[in-house]
Amino acid sequence: MIMGIGSTTHNTVEKVMQQIGGHKEGLGDISRKIASGTDVLTNEYLVQEGRLGHHNELFRRIATTETCLANNNLVESHMNATYSQLEQLIADVTTALAEAASFNSPSGPTMPIQQIMLSHLRATKDVLNSKYGNEYLFSGSQSDIAATSDFVYNTNITNDVVTNNYFTGSPHALISEISEDNYLTYSLTADEPAFQNIIAGLHKIISGAGGEQPNITQGQDILQKGLDELTSLRDEHGNKLKHLETTNKNLVQSNIAALEEAGVYKADLAELRLEAVETELAIQHSLVVLLSMVKMNILEHM
């Protein structure tokens, strides 16, 4: 008992001091939430409520989802880079077809057709050997090596398909688990029929550069077929990208729901800071009340 204070007053003082202790504990909790940016249920509470096992399972799912999201960001970047290269090749092949069509026209290109088509062959090779970071985009699962060897003009074409083995990568495309038990084949390989037809078509046009119009016409047809296939590949790849984006959005929403269910969520820092100020004021008010009670009691005993 505090000296000079009656038992009734002493009990009141003890209650005020307990309130101050509670406020200080609450302020410490608020400070931890502000520092971490999250609000978390304690294990003691979870055990008391019989929710610890379910809580841990939620965190396992959250960790799995976070891993998927991190991996999916890399996959999405790889796919966006591939999509950009497909767009570039579509534009180049479209130009090649227009130049081949105007070859014998008075307004046609002044450069020899063979030289023009060779430049398009080189552009095709550059696309197929393009990289994202340290990975070749069109080499399949063997992404550490270039997708194509040096293919140059060569008339060794059987059934309008280039027979030289220009592809040096792996025929197996890259596959990723974008969510639990949900797999996506996200890469293309340089041996796709679209690329084969583009290369074969360019070769065929080059073989008619000496004036063999049938070869040029046939080469245009093969090149057009390759362009149509390439456009379909681009569209299919774009649809996979949209599917990946939708999957990522669903994963984020799933994680938010799991975090909320687990009692973990992003803290409202502005609200927490306001709560901290209010708690500090409550502590100050309790101290004023306590000091006032002590002062009054002392004056009564003077």
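Everything quoted here is computed from the prediction, not taken from an experiment.

(A) Local environment of the pairing of strand E6 (residues 175-179). Taken together, the four bridges between E6 and strand E7 (residues 182-185) define a ladder with antiparallel strand orientation. The residue bridging isoleucine 175 from the neighbouring strand is threonine 185, located in E7. The antiparallel hairpin formed by E6 and E7 contains two residues in its connecting segment, where aspartate 181 sits at a positive phi of about 60°.

(B) View of the pattern of salt bridges. Inspection of the entire model under this criterion finds two salt bridges. Where glutamate 87 meets arginine 234, a salt bridge forms, and the shortest distance between an N and an O atom there is 2.5 Å. With glutamate 87 in helix H3 (residues 52-101) and arginine 234 in helix H6 (residues 213-261), this pair connects stretches of sequence that are 147 residues apart. Looking at glutamate 87, the relative accessible area reads 34%, which means it is partly exposed.

(C) How the structure looks around the environment of leucine 174. When you line up the elements, leucine 174 lands in the loop between strand E5 (161-162) and E6. Relative accessible area serves as the criterion here: at 13%, leucine 174 is assigned to the buried category. Note: C-alpha distance between leucine 174 and serine 139 (35 residues apart in sequence) is 9.2 Å. Residue contacts for leucine 174: discarding those within four places in its chain leaves His78, Gly140, Ser141, Leu184, Thr185, Tyr186 and Ser187.

(D) Structural context of the nonpolar core. The biggest cluster of nonpolar side chains holds 33 residues, and the ones touching the most others in it are Met117, Phe138, Phe195, Leu223 and Leu230. Of all the secondary-structure elements, those providing two or more residues to this core are H3, helix H4 (113-128), helix H5 (193-207) and H6. Counting residues per element, this core draws most heavily on H3, at eight residues. If sequence neighbours within four positions are ignored, leucine 230 has contacts with Leu86, Leu89, Ile90, Ala194, Phe195 and Ile198. Membership of the second largest hydrophobic core comes to eight residues, among which are Val75, Leu184, Leu241 and Leu244.

(E) Up close: the side chain of serine 143. Along the chain, the position of serine 143 falls in the loop between strand E3 (135-136) and strand E4 (157-158). Not counting chain neighbours up to four residues away, the residues in contact with serine 143 comprise Asn134, Glu135 and Tyr136.

(F) Looking closely at the packing of aromatic side chains. Under the counting rule described, the total for this entry stands at one aromatic pair. Geometrically, the ring pair formed by phenylalanine 138 and phenylalanine 195 is edge-to-face, given 5.6 Å between the ring centres and 85° between the ring planes. Placement of phenylalanine 138 in the loop between E3 and E4 and of phenylalanine 195 in helix H5 is noted, with a sequence separation of 57 residues between them. Residue class for phenylalanine 195 comes out buried when judged on its relative accessible area of 0%. Lying over the aromatic face of tyrosine 136, lysine 131 brings its terminal NZ or CZ to 4.9 Å of the ring centre.

(G) Fine view of the confidence of the model for the protein chain. Across the protein chain, the average pLDDT comes to 78, with 70% of residues at or above 70. Least confident of the elements in the protein chain is E4, whose mean pLDDT is 46; most confident is strand E2 (residues 131-132), at 93. The low-confidence segment residues 1-5, where pLDDT is below 50, has nine contacts with residues more than four positions distant or belonging to other chains. Ignoring residues within four places in sequence, the model shows residues 155-161, a span with pLDDT below 50, making 15 contacts including any to other chains.

(H) Looking closely at H4. The first and last C-alpha atoms of H4 sit 23 Å apart over 16 residues, in line with the 22 Å expected at 1.5 Å per residue. Within H4 the residues assigned to the buried category are Ile113, Ile116, Met117, His120, Leu121, Thr124, Val127 and Leu128. Around the axis of H4, the buried residues are gathered within 145° of arc, so they sit on the same side. Every exposed residue of H4 that faces more than 90 degrees away from the buried side is listed here: Arg122 and Asp126.

(I) Highlighting the packing of H4 against H5. With their axes 9 Å apart at the nearest point, H4 and H5 run at an angle of 165° to one another. When the axis of H4 is compared with that of H5, the two are roughly antiparallel. H5 is crossed by H4, and the crossing has left-handed handedness. For the pair formed by H4 and H5, the contact residues are Ile113, Gln114, Met117, Leu118, His120, Leu121, Thr124 and Leu128 on the first element and Phe195, Ile198, Ile199, Leu202, His203, Ile205 and Ile206 on the second.

(J) View of the environment of isoleucine 256. Within the secondary structure, isoleucine 256 is located in helix H6. You can call isoleucine 256 partly exposed: its relative accessible area is 38%. As a C-alpha pair, isoleucine 256 and isoleucine 62 span 194 residues in sequence and 8.9 Å in three-dimensional space.

(K) Representation of unusual backbone geometry. At aspartate 181, a residue that is not glycine, the phi angle is positive and equals roughly 60°. Along the chain, aspartate 181 turns up in the loop between E6 and E7.

Rules and cut-offs
- Residues numbered from 1 in each chain as written.
- Predicted model: local features only at pLDDT ≥ 70, side-chain atom pairs only at ≥ 80, totals over all residues.
- Heavy atoms only, no water.
- Pairing = 2+ DSSP bridges.
- Helix = DSSP H or I, 4+ residues; strand = E, 2+ residues; numbered from the N terminus.
- Salt bridge = Lys/Arg side-chain N within 4 Å of Asp/Glu carboxyl O.
- Buried < 20%, exposed > 50% of the residue type's maximum accessible area, 1.4 Å probe, protein only.
- Contact = heavy atoms within 4.5 Å.
- Core = buried A, V, L, I, M, F, W, Y, C linked by side-chain atoms within 4.5 Å.
- Phe/Tyr/Trp six-rings, centres within 6.5 Å; stacked < 30°, edge-to-face > 60°.
- Lys NZ or Arg CZ within 6 Å of the ring centre and 35° of its normal.
- pLDDT = per-residue confidence, 0-100.
- Expected span 1.5 Å × (residues − 1).
- Arc of directions from axis to C-beta.
- Axes fitted to C-alpha atoms, helices over the stretch in contact; angles between N-to-C directions.
- Parallel < 35°, antiparallel > 145°, perpendicular 65-115°, else oblique.
- Left-handed = near helix turned anticlockwise from the far one by under 90°.

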